[in-house]
Amino acid sequence: MQNHKIQGIVVNSFGQPVQGAVVYIVDGPGSFPDIAAVTSEDGSFHLGGLSKGAYQLQITLSDSTFTYDCMVDDPTEIVKIAVQDP
């Protein structure tokens, strides 16, 4: 069933929200939607239509790229992704 989501906040090394980062899925269970999200002013993002399982996200900010592994099983969980300042 593909009704799960990854929602989260991208912050910099000082804990401040990062606006304009592109977050997308690069690996996950079975087939997954080819979607991306751009973080809002408060650093938040949402990727929906997912199955339960382990996912790898890629976060692109300016000229820097970061990866983040997460597990989708709790629909209320909000992940916090800290990235280094470019």
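In what follows, the structure referred to is the one given above.
Residues numbered from 1 in each chain as written. Predicted model: local features only at pLDDT ≥ 70, side-chain atom pairs only at ≥ 80, totals over all residues. Heavy atoms only, no water.

What follows concerns the nonpolar core. Counting 19 residues, the largest nonpolar core has Ile-6, Val-10, Phe-45, Leu-47, Leu-57, Ile-59 and Ile-81 as the members making the most contacts within it. Going through the elements one at a time, strand 1 (4–11), strand 2 (22–27), strand 4 (44–50), strand 5 (53–61), strand 6 (64–72) and strand 7 (78–82) are the ones with two or more residues in this core. Among the elements that take part in this core, strand 5 stands out by supplying four residues, more than any other. Filtering out sequence-adjacent residues up to four positions away, Leu-47 remains in contact with His-4, Lys-5, Ile-6, Val-23, Ile-25, Ile-35, Ala-36, Ala-37 and Leu-57. (Core = buried A, V, L, I, M, F, W, Y, C linked by side-chain atoms within 4.5 Å. Buried < 20%, exposed > 50% of the residue type's maximum accessible area, 1.4 Å probe, protein only. Helix = DSSP H or I, 4+ residues; strand = E, 2+ residues; numbered from the N terminus. Contact = heavy atoms within 4.5 Å.)

Spatial ordering of the open sheet is given by 4-1-7, a layout of three strands whose pairing is mixed. Edge positions in the open sheet fall to strand 4 and strand 7, since each of these has one partner strand only. Averaged over all neighbouring strand pairs, the angle between strand axes comes to 25 degrees, with direction disregarded. In terms of strand pairing, strand 1 meets strand 7 through five bridges, oriented parallel. Along strand 7, the bridge assignment pairs Val-10 with Ile-81. (Pairing = 2+ DSSP bridges. Axes fitted to C-alpha atoms, helices over the stretch in contact; angles between N-to-C directions.)

These values are about where atoms sit, not about what they do.
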